[in-house]
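# Understanding the architecture of this molecule
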Amino acid sequence: MRSFTGSFILLLVLAVRAQKLPTRDEELFQMQIRDKSLFHDSSVIPDGAEISGYLFRDTPKRYYFVVEEDNTPLSVTVTPCDAPLEWTLSLQELPEESSGDGSGEPEPLDQQKQQIISEEGTELFSYKGNDVESYVASSSPSGLYQLELISTEKDTNFKVYATTTPESDQPYPELPYDPRVDVTSLGRTTVTLAWKPTPTGSLMKQPIQYCVVINKEHNFKSLCAVEGKLNADDAFMLAPKPGLDFSPFDFSHFGFPSENDSGKDRSLVGKSVPGKMSRSYTTKQKVDLQKVCIGNKNIFTVSELKPDVQYYFDVFAVNTVTNMSTAYVGTFAKTKEEAKQKTVELKDGKVTDVFIKRKGSKFLRFAPVSSHQKVMFYVHSCLDAIQIQVRRDGKLLLSQNVEGVRQFQLRGKPKAKYLIRLRGSRKGASMLKILATTRPNKQPFPSLPEDTRIKAFDKLRTCTSVTVAWLGTQERNKFCIYKKEVDDSYNEEQRKREQNQCTGPETRKKSEKVLCKYFHSQNLQKAVTTETIKGLEPGKSYLLDVYVVGHGGHSVKYQSKLVKTRKFC
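The structure contained in this document is the topic of the report that follows. (Residues numbered from 1 in each chain as written. Predicted model: local features only at pLDDT ≥ 70, side-chain atom pairs only at ≥ 80, totals over all residues. Heavy atoms only, no water.)

Glancing now at the sheet that holds strand β27 (residues 455-456). Judged by pairing direction, the sheet is antiparallel, and its 3 strands sit side by side in the order β27-β28-β31 without closing on themselves. At either end of the open sheet lies a strand with only one pairing partner, and these are β27 and β31 (528-533). Pairing between β27 and strand β28 (residues 466-471): 2 bridges, direction antiparallel. Of the residues in β28, the one forming a bridge with Ala 456 is Val 468. (Pairing = 2+ DSSP bridges. Helix = DSSP H or I, 4+ residues; strand = E, 2+ residues; numbered from the N terminus.)

So, about the packing of aromatic side chains. What the rule picks out here adds up to 17 aromatic pairs. With 5.6 Å between their ring centres and 65° between their planes, Trp 195 and Tyr 210 make a pair best called edge-to-face. Of this pair, Trp 195 sits in the loop between β11 (191-194) and α6 (199-202) while Tyr 210 sits in strand β12 (residues 208-215), and the two are 15 residues apart along the sequence. Like Trp 195, the residue Tyr 210 is buried in the burial classification. Taken together, a centroid distance of 6.3 Å and an interplanar angle of 45° make the contact between Trp 470 and Phe 479 tilted. A single burial state applies to Trp 470 and to Phe 479, both of which are buried. One aromatic cluster in this structure is built from Trp 470, Phe 479, Phe 519 and Tyr 558. (Phe/Tyr/Trp six-rings, centres within 6.5 Å; stacked < 30°, edge-to-face > 60°. Buried < 20%, exposed > 50% of the residue type's maximum accessible area, 1.4 Å probe, protein only.)

A few words now on the sheet that holds strand β2 (residues 49-55). Overall, antiparallel pairing links the 4 strands, which are arranged β2-β9-β4-β7 in an open sheet. Taken across any chain shown, the strands that pair with only one partner, and hence form the sheet edges, are β2 and β7 (133-140). Pairs of neighbouring strands in the sheet enclose a mean axial angle of 15°, with direction left out of account. (Axes fitted to C-alpha atoms, helices over the stretch in contact; angles between N-to-C directions.)

With that settled, consider the state of the cysteines. With the rule as written, the count across this model stands at 4 disulfides. Each sulfur in the disulfide pair Cys 81 and Cys 224 lies 2.1 Å from the other. The disulfide joining Cys 81 to Cys 224 has a torsion of about -110° about its S-S bond and is therefore left-handed. Separated by 143 residues along the polypeptide, Cys 81 in the loop between β4 (72-80) and β5 (85-92) and Cys 224 in helix α7 (residues 223-229) bring together distant segments of the chain. Each of the two residues, Cys 81 as well as Cys 224, counts as buried. The disulfide partner of Cys 463 is Cys 569, and the gap between their sulfur atoms is 1.7 Å. Disulfide Cys 463 to Cys 569: torsion about the S-S bond roughly 120°, handedness right-handed. Highlighted residues: Cys 463 in the loop between β27 and β28 and Cys 569 in the segment after β34 (561-564), separated in sequence by 106 residues. The class for Cys 463 is buried, based on a relative accessible area of 9%. By relative accessible area, Cys 569 is classed as exposed at 76%. (Disulfide = S-S within 2.5 Å.)

As a further point, take unusual backbone geometry. With a phi angle near 65°, Asn 71 is a residue other than glycine that sits in the positive phi range. We note that Lys 415 has phi near 60°; this positive angle belongs to a residue other than glycine. As for its position among the elements, Lys 415 is in the loop between β24 (395-411) and β25 (418-423). Accessibility expressed as a relative area gives 76% for Lys 415, which makes it exposed.

Put into structure tokens, the structure is as follows:
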């Protein structure tokens, strides 16, 4: 017992001397704190430094410090982390005389113990909650100060800062006159935040950085509350490069579960670097919380959020030297909804034209009115390849890329409903024609060969004519060929822009028509036709188009061909 008490007193005295807190009577003070039952769970608070502590639920913890001189300024700040705290600051007056008979001898230990226990002291301040709260007094009396903390909800962390020079210390970054975080722009997947800079950085030129915290549950009142929620290894992220906003949020990588890895643990073991300690990273439990420190910028755009979801945003000013922080008044915002897609109803046996924006998608619905054994979908992609997905009553039946003309046969089901999703090209806007039917008697679009190019024979080219050939199929179809004179500056890029397979002969001038004819061949090796186009002018360029027309009148254009007649013959 004596050894423990002596060690504690020695530590207390050294701490008091080191922090230059005035002590009233060192010998008397030592005598007054010898009782282990009173001080067994105590600690000395250093002057001008923030300390971290841990509380077990329903187990109080006490901190002490001594102020010797009257009229001493005093500031005590308590920061709860992940649970509300109850804390009380009280002043215990120290007796000025060691004994009543003036002998100079200290009173017996039992008498001192009884004296201190019986004198409960004066309560100066008390608080209950999870806010960062401070007791500040410009003039405090001398005495033994006790700070008692307790958590009644759960085990928790906390921080305490005490100083007798609050005017000169200013350890926490100062908030501006308007400490609110504002939402300056709101989209479906992005939110832009702005806040006024802390005077600590802009006026006092202290090293300040801002940390932004995003989550889906609530605002945070302290940075240690955020760090308590995050895993230690996932707490900080590097600041983005100057001039570039950080674009988090790959939520699956930084804590937000994705469809693919929801509920799974992830771990990353860092490689060992010579001269550096190797470190392993493990995520025990994913949290809907993101923290990123962005340097001294006071505007930040959060991207890759989910549409129609409410997010909470907090900003903390952090002194990078002391690592002490101050919270701005957080905000929250709900991202905009996705633009509601209008579902197009398909009618049985009727062709529907569909336009899709670049990288966009369209939804169509097909609900046959009668029972059916099978359903046929005919798709004609006019420009680049598109993707089609078909679901029957929620079950995915088909997912294919379509270029040109394709048909798909699916097994039917009584009273079934089909939802078709069409995704456009990444290159540009997409156009297509689609037909769904439960009575596939005749195909609405003409059948096409695998190769839809037009071949020109250079050796047969003259000053007034060109000879071309193209492939057909086993099905008898009508083919129409058209010509259009173009400038010599006409190039391949212009040809591609005009390569819309869905534009038919009805869009052409009558003067551009060369001829129409029918042909087919049961032998695909012989399903080739040639045609000589006459009446052309020497040294001129022409764009040739071949259209194949189906039984329902719908046509498909072959790939355009640029030809040029000889200038001299």
